[in-house]
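Remarks on the overall topology
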Amino acid sequence: LVSTDAVTAARALLGALLVREDSDGRHVGRIVETEAYAGPLDRASHARAGCTARTAAMFGPPGRAYVYLVYGMHHCLNVVCGPDGEAAAVLIRAVEPLTGLTRMRERRGQSDGPAARLAAGPARTCQALGIDRTLSGDDLITDERLWLATDPTAPSAAPDIIDGRRIGVAYAGPEWAERPWRFGLAGSAALSKPFTRGR
């Protein structure tokens, strides 16, 4: 899923399971929305500033978690992909909650409402699953706190994938902001926002 370029990995991760194990038990969600972020040339990517203390995990090896804060308060989870040292990653924008809904609701402060909306956004995903920067750098293939898994119930047919512009990257300029590097499972009730066609 991850030993490839960011765009290919972003599409491949759709439908995979994101599993979080902690003292509260096991919490599982199906990945339904992703965004691809390439290396230093991608002006929307954190890699544009080079390797720093904040972005070190993004530089590999592939299969690691890269977790960062936005606005000083919201965590976002990325899956590092591509060759070691080249700083490509896939932002997990939304998951469909499957297991551990009671605890997810507690973490999100929502006692009712549609379960599909509990993790419909990158910050909501991290809050619902209890993901923070202590997990940055964890191996999402072999570690036991947070990992990716194949969904054994997934249909054999290829999923219907929609694409569009990435969210909140206008600062990167049209060349990068307009790229259709956001991907989602068509029809999912857990998608974070409507899709806007890129170019």
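Look above for the structure.
Residues numbered from 1 in each chain as written. Predicted model: local features only at pLDDT ≥ 70, side-chain atom pairs only at ≥ 80, totals over all residues. Heavy atoms only, no water.

1. Observations concerning the nonpolar core
If you look at the biggest cluster of nonpolar residues, it comprises 55 residues, and the most contacted ones within it are L18, I31, M58, L77 and I131. The leading source of residues in this core is strand 5 (residues 88–99), at seven residues. Not counting chain neighbours up to four residues away, the residues in contact with M58 comprise Y37, A38, S45, H46, A47, Y66, V80, A87, A88 and A89. (Core = buried A, V, L, I, M, F, W, Y, C linked by side-chain atoms within 4.5 Å. Buried < 20%, exposed > 50% of the residue type's maximum accessible area, 1.4 Å probe, protein only. Helix = DSSP H or I, 4+ residues; strand = E, 2+ residues; numbered from the N terminus. Contact = heavy atoms within 4.5 Å.)

2. Concerning the pairing of strand 2 (residues 25–37)
Put simply, side chains in a regular strand alternate between the two faces of the sheet. Among the 13 residues that make up strand 2, 11 are buried, leaving the element largely enclosed by the rest of the structure. Of the pairings in the sheet, the one linking strand 1 (residues 17–22) to strand 2 comprises six bridges and is antiparallel in character. From the neighbouring strand, L17 faces strand 2, where its bridge partner is R30. Taking the residues that link successive antiparallel strands as the turn, the strand 1-strand 2 hairpin has two residues. As defined by bridge partners, strand 2 adjoins strand 5 across nine bridges and the pair is classed as antiparallel. (Pairing = 2+ DSSP bridges.)

3. Considering the packing of aromatic side chains
If you walk through the whole model with that rule in mind, you get two aromatic pairs. Ring centres of Y66 and Y68 lie 5.3 Å apart, and the angle between their planes is 40 degrees; on these two criteria the pair is classed as tilted. The burial state of Y66 is the same as that of Y68; both residues are buried. Ring geometry for W176 against W181: centres 6.0 Å apart, planes inclined by 65 degrees, an arrangement best described as edge-to-face. For the cation-ring pair, R166 lies above Y37, with the distance from its terminal atom to the ring centre recorded as 4.7 Å. Stacked on the ring of F195, the Lys or Arg R182 has its end atom at 3.8 Å from the ring centre. (Phe/Tyr/Trp six-rings, centres within 6.5 Å; stacked < 30°, edge-to-face > 60°. Lys NZ or Arg CZ within 6 Å of the ring centre and 35° of its normal.)

4. Some points on the pattern of salt bridges
Tallied over the entire structure, the rule returns 15 salt bridges. With its nearest N and O atoms 3.4 Å apart, the salt bridge here joins D24 to R107. Placement of D24 in the loop between strand 1 and strand 2 and of R107 in helix 2 (residues 101–108) is noted, with a sequence separation of 83 residues between them. Among the residues examined, R107 registers a relative accessible area of 15% and is labelled buried. R93 is paired through a salt bridge with E35; the nearest N and O atoms lie 3.9 Å apart. (Salt bridge = Lys/Arg side-chain N within 4 Å of Asp/Glu carboxyl O.)

5. Looking at the packing of helix 2 against helix 3 (residues 122–129)
Where helix 2 meets helix 3, the axes come as close as 7 Å, and the angle between the chain directions of the two elements is 120 degrees. Considering the angle they form, helix 2 stands oblique to helix 3. Crossing handedness for the pair helix 2 and helix 3: right-handed. Judged by residue contacts, M104, R107 and R108 of helix 2 engage R124, Q127, A128 and L129 from helix 3. Considered class by class, the residues forming the contact of helix 2 with helix 3 number three nonpolar, one polar and three charged. (Axes fitted to C-alpha atoms, helices over the stretch in contact; angles between N-to-C directions. Parallel < 35°, antiparallel > 145°, perpendicular 65-115°, else oblique. Left-handed = near helix turned anticlockwise from the far one by under 90°. Nonpolar A, V, L, I, M, F, W, Y, C, P; charged D, E, K, R; others polar.)

6. A short note on the pairing of strand 3 (residues 65–70)
Of all the six residues making up strand 3, five are buried; the element is thus mostly covered by neighbouring parts of the structure. Judged from the six bridges that link them, strand 3 and strand 4 (residues 74–81) form a sheet pairing that is antiparallel. Paired with V70 across the bridge in strand 4 is H74. What sits between strand 3 and strand 4 in their antiparallel hairpin is a turn of three residues, with Y71 showing a positive phi close to 55 degrees.

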